[in-house]
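The primary structure of each chain is shown beneath.
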Amino acid sequence: SNVQQICGTTYAFAAILADGTVVTWGNPNHGADSSEVQEQLRNVQKVCDTARAFAAILADGSVVSWGAPNFGGDSSEVQEQLRDVQQVCSTRFAFAAILSDGTVVTW
């Protein structure tokens, strides 16, 4: 209960609850296992998905991603650039974030 937003990969779901936390369920290989980032999933504003990964925008404008690395689940190479994120969009395999200055970061 208290679900604010829900989205899904091919075989998993992620839901933002009213308190800004995220719950996930389904196939662990498709993003259902968020245990490695669960402590970071606070004050979540929006969750976006690819076929096998999720990306969450936090209230401070940062992004947390998890799931299959080759589907966007690993944003470590661009993490320092993911500041002041306004929106995240996705394809089946990748994410793109629009920053407040109008630039785009992809992973």
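The preceding data block contains the structure.
A few points on the structure.

How each quantity is defined
Residues numbered from 1 in each chain as written. Predicted model: local features only at pLDDT ≥ 70, side-chain atom pairs only at ≥ 80, totals over all residues. Heavy atoms only, no water. Helix = DSSP H or I, 4+ residues; strand = E, 2+ residues; numbered from the N terminus. Contact = heavy atoms within 4.5 Å. Buried < 20%, exposed > 50% of the residue type's maximum accessible area, 1.4 Å probe, protein only. Polar contact = N/O pair within 3.5 Å; in protein donor to acceptor, adjacent residues only side chain to side chain. Pairing = 2+ DSSP bridges. Axes fitted to C-alpha atoms, helices over the stretch in contact; angles between N-to-C directions. Salt bridge = Lys/Arg side-chain N within 4 Å of Asp/Glu carboxyl O. Patch = residues over 30% accessible without salt bridge, like charges linked within 9 Å, V, L, I, M, F, W, Y side chains within 5 Å. Areas by Shrake-Rupley, 256 points an atom, 1.4 Å probe, with all protein chains shown as cover.

## Brief notes about the environment of Gly61
Piece 1. When you line up the elements, Gly61 lands in the loop between β5 (53-58) and β6 (63-67).
Piece 2. With 24 residues separating them in the primary sequence, Gly61 and Val85 have C-alpha atoms 4.7 Å apart.
Piece 3. Among residues more than four places away in sequence, those in contact with Gly61 are Leu82, Arg83, Asp84 and Val85.

## Some points on the side chain of Ser65
Piece 1. As for its placement among the helices and strands, Ser65 is situated in strand β6.
Piece 2. Judged by its relative accessible area of 9%, Ser65 is buried.
Piece 3. A distance of 3.2 Å separates a polar atom in the side chain of Ser65 from the backbone oxygen of Gly73.
Piece 4. Within the structure, Ser65 has its side chain in polar contact with the side chain of Ser75 (distance 2.8 Å).
Piece 5. Apart from the residues within four sequence positions on either side, Ser65 is in contact with Val37, Phe54, Ala55, Gly72, Gly73, Asp74, Ser75 and Trp107.

## Section: the side chain of His30
Piece 1. Positionally, His30 belongs in the loop between β3 (22-26) and β4 (44-49).
Piece 2. The exposure class of His30 is buried, given its relative accessible area of 11%.
Piece 3. Apart from residues no more than four positions distant in its own chain, His30 is found in contact with Thr9, Thr10, Tyr11, Ala12, Ala51, Arg52, Ala53 and Phe54.

## A closer look at the sheet that holds strand β7 (residues 85-90)
Piece 1. Read from one edge to the other, the open sheet built from three strands follows the order β7-β8-β9, with strand pairing classed as antiparallel. Looking along the sheet, the strands with just one partner apiece sit at the ends: β7 and β9 (104-106). Neighbour to neighbour, the strand axes of the sheet diverge by 20° on average, direction disregarded.
Piece 2. The pairing of strand β8 (residues 95-99) with β9 spans three bridges and is classified as antiparallel. Its bridge partner being in β9, Ala97 is matched across the sheet by Val105.

## Considering the pattern of salt bridges
Piece 1. Following the criterion strictly, the structure yields one salt bridge and no others.
Piece 2. Put simply, Arg42 and Glu39 hold a salt bridge, and the shortest N to O gap is 3.8 Å.
Piece 3. Owing to a relative accessible area of 65%, Glu39 belongs among the exposed residues under this scheme.

## Quick notes on the sheet that holds β5
Piece 1. With antiparallel pairing, three strands are arranged side by side in an open sheet as β4-β5-β6. Of all strands in the sheet, those with a lone pairing partner are β4 and β6, marking the two edges. Adjacent strand axes in the sheet meet at a mean angle of 20°, parallel and antiparallel pairs treated alike.

## Concerning a nonpolar patch on the surface
Piece 1. A cluster of nonpolar side chains, namely Val3, Ile6, Phe13, Val23 and Trp25, defines an oily patch on the protein surface of about 440 Å² accessible area.
Piece 2. In this fold, Trp25 is placed in strand β3.
Piece 3. According to the relative accessible area criterion, Trp25 is partly exposed, its value standing at 40%.

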